[in-house]
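Spelled out, the chains give:
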Amino acid sequence: MTTVRYILLVLLLLIVLVFGILNVNEARINFLLFDARISIALIIFLSFALGSIITVLFSIPSYFKRRKMKSEFESKIKTLETDLAQKSNELKIANENLVKAKGNIQ
């Protein structure tokens, strides 16, 4: 899965790069008090970078939530495995006692 993500990321970067190279003309940008003429390639790159940063920032809380859940599940699994081993040992002892009891009856 990680390899697929890297391949998709490289393809996306290549698309942005090619699109930026093909659009080297300048554009006028007006934003609040900001007024400038900037290369369209730079605008595309900055927009892509800003979008990537925003995406990462919004995904951080879910990453930590999944990490916490994973830790809780691993702890629960360990507890259940310990309980299973204990119950299995108790069952083995009970079966041995049952075999002994049947041997004494006959």
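Look up a bit, the structure's there.
Residues numbered from 1 in each chain as written. Predicted model: local features only at pLDDT ≥ 70, side-chain atom pairs only at ≥ 80, totals over all residues. Heavy atoms only, no water.

Participant: For this particular structure, what's the right way to read a nonpolar patch on the surface?
Facilitator: Together, Val4, Ile7, Leu8, Val10, Leu11, Leu14, Leu17 and Ile21 line one region of the surface with nonpolar side chains, adding up to about 740 Å² of accessible area. The topology assignment puts Ile7 in helix 1 (residues 2–22). (Patch = residues over 30% accessible without salt bridge, like charges linked within 9 Å, V, L, I, M, F, W, Y side chains within 5 Å. Areas by Shrake-Rupley, 256 points an atom, 1.4 Å probe, with all protein chains shown as cover. Salt bridge = Lys/Arg side-chain N within 4 Å of Asp/Glu carboxyl O. Helix = DSSP H or I, 4+ residues; strand = E, 2+ residues; numbered from the N terminus.)

Participant: Which parts of the structure should I look at to understand the pairing of strand 1 (residues 26–31)?
Facilitator: As a general feature of sheets, a regular strand has side chains that alternate between the two faces. Little of strand 1 sits out of view: just zero of its six residues are buried. Bridge count for strand 1 against strand 2 (residues 34–39) is six bridges, and the pairing is antiparallel. When the sheet's bridge partners are listed, Ile29 is paired in strand 2 with Ala36. (Buried < 20%, exposed > 50% of the residue type's maximum accessible area, 1.4 Å probe, protein only. Pairing = 2+ DSSP bridges.)

Participant: Explain helix 2 (residues 40–105) here, please?
Facilitator: Side chains of residues three or four places apart in an α-helix project in the same direction, reflecting 3.6 residues per turn. Over its 66 residues, helix 2 runs 94 Å from end to end, which matches the ideal 98 Å to within 8%, given 1.5 Å per residue. Along helix 2, the sharpest kink reaches roughly 35°, centred on Ile60 and followed within four residues by the proline Pro61. A side-chain oxygen of the first residue of helix 2 lies 3.2 Å from the backbone nitrogen of Ala41; this N-cap is Ser39. (Expected span 1.5 Å × (residues − 1). Bend = angle between axes of the 7 residues up to and from the residue. Polar contact = N/O pair within 3.5 Å; in protein donor to acceptor, adjacent residues only side chain to side chain.)

Participant: Mind showing me how you'd approach unusual backbone geometry here?
Facilitator: A negative phi angle is the norm for most residues apart from glycine, just as the trans form is the norm for most peptide bonds. The backbone phi angle of Leu32 is positive, close to 50°, even though this residue is not glycine. Position of Leu32 among the secondary structure elements: in the loop between strand 1 and strand 2.

Participant: Looking at this structure, I do not really get the packing of aromatic side chains. What am I missing?
Facilitator: Pairs of aromatic rings are described using the distance from one ring centre to the other and the angle between the two planes. Scanning the model with the defined rule gives one aromatic pair in all. Relative to Phe64, the ring of Tyr63 lies with its centre 5.2 Å away and its plane at 70°, an arrangement referred to as edge-to-face. Take Phe64: its relative accessible area is 46%, and that puts it in the partly exposed class. (Phe/Tyr/Trp six-rings, centres within 6.5 Å; stacked < 30°, edge-to-face > 60°.)

Participant: Any chance you could explain the pattern of salt bridges here in plain terms?
Facilitator: Applying the stated criterion across every chain yields a total of four salt bridges. Among the salt bridges present, the one from Arg37 reaches Glu26, with a minimum N-O distance of 3.7 Å. Here Arg37, found in strand 2, pairs with Glu26, found in strand 1; they are eleven residues apart in sequence, far enough to count as distant. The exposure classification of Arg37 matches that of Glu26, with both residues exposed. Glu74 serves as the salt-bridge partner of Lys70, at 4.0 Å between the closest nitrogen and oxygen. Separated by four residues within a single helix, Lys70 and Glu74 lie in helix 2, roughly one turn from each other. By relative accessible area, Lys70 is classed as exposed at 52%.

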